[in-house]
Every structure is written in structure tokens, then in C-alpha cells.
Amino acid sequence: MADQDGSASLGSVALSIFNKLWGWTGTSETWRKLVVSVVLVVVLLWALTVFFGALRKAFDSAFKLIEAFKSSGLPRFMKREDRIKVRRRTQFCAVLEADLTNIAKAESWNDQYFTDLEAEVETEGGYYISSLHRLFGRISTGLRKEKSLIKAISSSSERAIQLTGEPGAGKSVALRHLASQLAVRAKTSKAKDALVPLYINLREIEVSANLSITTDTIRDFILDNIRRGDSDTTAYVRENWADYRERGIWFFLFDSFDEIPAVLHAEKGSPVTKEYAEAIRKFLEGMGSVEVF
């Protein structure tokens, strides 16, 4: 309402100025027409700016409503095969959410008290300012400061994101919070392409000293450490592994790289650290999914 009142007020001022200029005397007709023309151009540009700004907000709101509807769990027409897939994904994401809750309880942490971190994000790639920019693939680049770490991650156009910060800054909590949010969203969504998070704690990876670290090492660790002991959950990951990777459904969240046992006890810049880093880098290459670590 305030915006409308402000626009009406500006319009009245512009009309008043135009009327005064049009009735301006004491100078040549040519100068009067020139000044009036300049004022008209300025008013027109202002009107176009307001119009396209409002249009962009309307589109952005519409896309958010569409996403909200997809995640609402409301009934949608689907083939029987798709309904079965969505139901299995719902069950899988419910398990993921429960696992993340158990991790939080083990650390005496309640996720409802989570306070998002302010993050200054520097990227060599880009990010999307709004849903409209994402739709048309309009990527902005450069250093930016976000009030929300979660927003910084979700708005990024990059397929791999590295989080850095001092120990105890809250990186692990933020990753688990994001994983929990995505699990809840995928659990309730009826969309076939909803992102499915996989939270991977790298400090649990142990490899014999005589074995080299490869992309297969990383893949096998992920497959073996998703809900260990739960055959149904492990089977779900294995069944959908290739398809979800190709379609960009998996959302990998790698945590605690610096706490990998072999890395933790190695000197800075050691061959072991580089070997793990290179294996993870190659694992991430050419994937359609999103990874945060």
C-alpha cells in the first residue's frame, strides 16, 4: 500500500512539473520543447524501471509459489510408476532425517535453535540473484556478502562448493541443518526431480596404508556408509546411484575433510592430503549433482 501511495505521489509531482514546464514563458519555444522532452524521457525511463521491477517481483513470486506447491505434498496427477518412486523416496528421506536427528542428539544439539551463519562468499563461478535469473540462466559473478550461509549455498550456480572457516565456526552444524532441510523437502515433495541429500562424514573413512585413494574408494565409502546395517536404505542408494548422479538429484554434503584420520595426522601439504583431495576432486568431476564440502 505504501508503494502505491509513493508511486501516486511521484506521479502527481511529475504531472505538476510537466504542467509548469508546458506553461513556461520567458524563453524560446525551442528551449521549452527541449526541456519538456527531456523531462518526458526521464519520466518514461522511471516508469519503465518501476514496471520491469514489479514484473520481476511478480515472476519471482510465481516461481516460488510453484516450488512451494511442488513441495507441499498436495495430490498431483502421476503415473503409477512415478507414484511408487516418489513413495520410496519419501521413505528414504524420512530415514535420512531420522539419522540427522540422531546425530544432533548424540552431540546434544537441537536443530530448532540453529542460527544461520553470515557468510562472505567468494566464487570463481557465479550465483543466481533470483528465481527468474535461475530460469533464464542469468548468472552473476564476483565477491558477494550473504546474510545466510544456507542462502549462499542454495543460490549458487556452482556444482561444487567448498566451505572454509575456523574450527568451531559451525560449518558441520550448518551442513547438517541444510541436509535436514533438503530431506524434509524431498520427503514431502511430489516432484520427480526433488534434490536428495547425502550427508557424508569423511572422518569415518579409513584406508589401509598400502592402498591408494581413488574415486572408487570415495564411491565405495559413500555406498557403505549410508545407513550402515540398513539393507533397504543401502539398496535404494545403489539402485538409484547412476540415475540420480546423471540427473543431478543427489546433493552430496561432505563434512570434516581435515578430520580424515590419515589427513589429521599428516603434515600440511603432505602427499596423503593431496591424494585424498585429488580423489574427491575427480569423484566430483562431470557430475550433474551438487556437492558441498
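As recorded in an unreviewed UniProt entry, the protein chain goes by NTPase (NACHT family)-like protein and comes from Acidithiobacillus thiooxidans ATCC 19377.

Counted according to the given criterion, the structure contains nine salt bridges. Ionic pairing is found between Lys 85 and Glu 81, a salt bridge with its closest N-O pair at 3.6 Å. Taken together, the positions of Lys 85 and Glu 81, both in helix α3 (residues 80-106) and four residues apart, correspond to about one turn of that helix. Exposure remark for Lys 85: the relative accessible area of 48% places this residue in the partly exposed category. A salt bridge links Arg 247 to Asp 243; the shortest N-O distance between them is 3.2 Å. Of this pair, Arg 247 and Asp 243 both sit in helix α8 (residues 231-247), four residues apart, which is roughly one turn of that helix. Classification of Arg 247 by relative accessible area gives partly exposed; the value is 44%.

This part is about the nonpolar core. Among the nonpolar cores identified, the biggest contains 32 residues, and Phe 92, Ile 222, Trp 241, Trp 250 and Phe 254 are the most heavily contacted of them. Put simply, the parts of the chain that give this core at least two residues each are α3, α6 (171-188), β4 (196-201), α7 (215-225), α8, β5 (250-255) and α10 (271-284). If we skip the residues at most four places from it in the chain, Trp 241 touches Leu 198, Arg 219, Ile 222, Leu 223, Trp 250, Phe 252 and Phe 283. Of all hydrophobic cores here, the second largest spans eleven residues; its members include Leu 178, Ala 179, Phe 251 and Leu 253.

Turning next to the packing of α7 against α8. Running from N to C, α7 and α8 cross one another at 140°; their axes reach a closest spacing of 8 Å. Classified by the angle their axes make, α7 and α8 are oblique. Contacts from Arg 219, Ile 222, Leu 223 and Asp 224 in α7 reach Thr 234, Val 237, Arg 238 and Trp 241 in α8.

Its 14 residues place the ends of α10 20 Å apart at the C-alpha level, agreeing with the 20 Å of an ideal helix rising 1.5 Å per residue. Burial in α10 covers these residues: Thr 273, Tyr 276, Ala 279, Ile 280, Phe 283 and Leu 284. The buried side chains of α10 occupy one side of the element, clustering within an arc of 135° when seen end-on. Residues of α10 that are exposed and point more than 90 degrees away from the buried face comprise Pro 271 and Lys 274.

With that out of the way, let us pick up α8. Between its first and last C-alpha, α8 extends 24 Å over 17 residues, near the 24 Å set by a 1.5 Å rise per residue. Taking the largest bend as the criterion, α8 deviates by roughly 55°, centred on Trp 241. Within the span of α8, buried status applies to Thr 233, Thr 234, Tyr 236, Val 237, Asn 240, Trp 241, Tyr 244 and Arg 245. Lining the buried residues of α8 we find α3, β4, α7, β5 and α10.

Analysis parameters
Residues numbered from 1 in each chain as written. Predicted model: local features only at pLDDT ≥ 70, side-chain atom pairs only at ≥ 80, totals over all residues. Heavy atoms only, no water. Salt bridge = Lys/Arg side-chain N within 4 Å of Asp/Glu carboxyl O. Helix = DSSP H or I, 4+ residues; strand = E, 2+ residues; numbered from the N terminus. Buried < 20%, exposed > 50% of the residue type's maximum accessible area, 1.4 Å probe, protein only. Core = buried A, V, L, I, M, F, W, Y, C linked by side-chain atoms within 4.5 Å. Contact = heavy atoms within 4.5 Å. Axes fitted to C-alpha atoms, helices over the stretch in contact; angles between N-to-C directions. Parallel < 35°, antiparallel > 145°, perpendicular 65-115°, else oblique. Expected span 1.5 Å × (residues − 1). Arc of directions from axis to C-beta. Bend = angle between axes of the 7 residues up to and from the residue.

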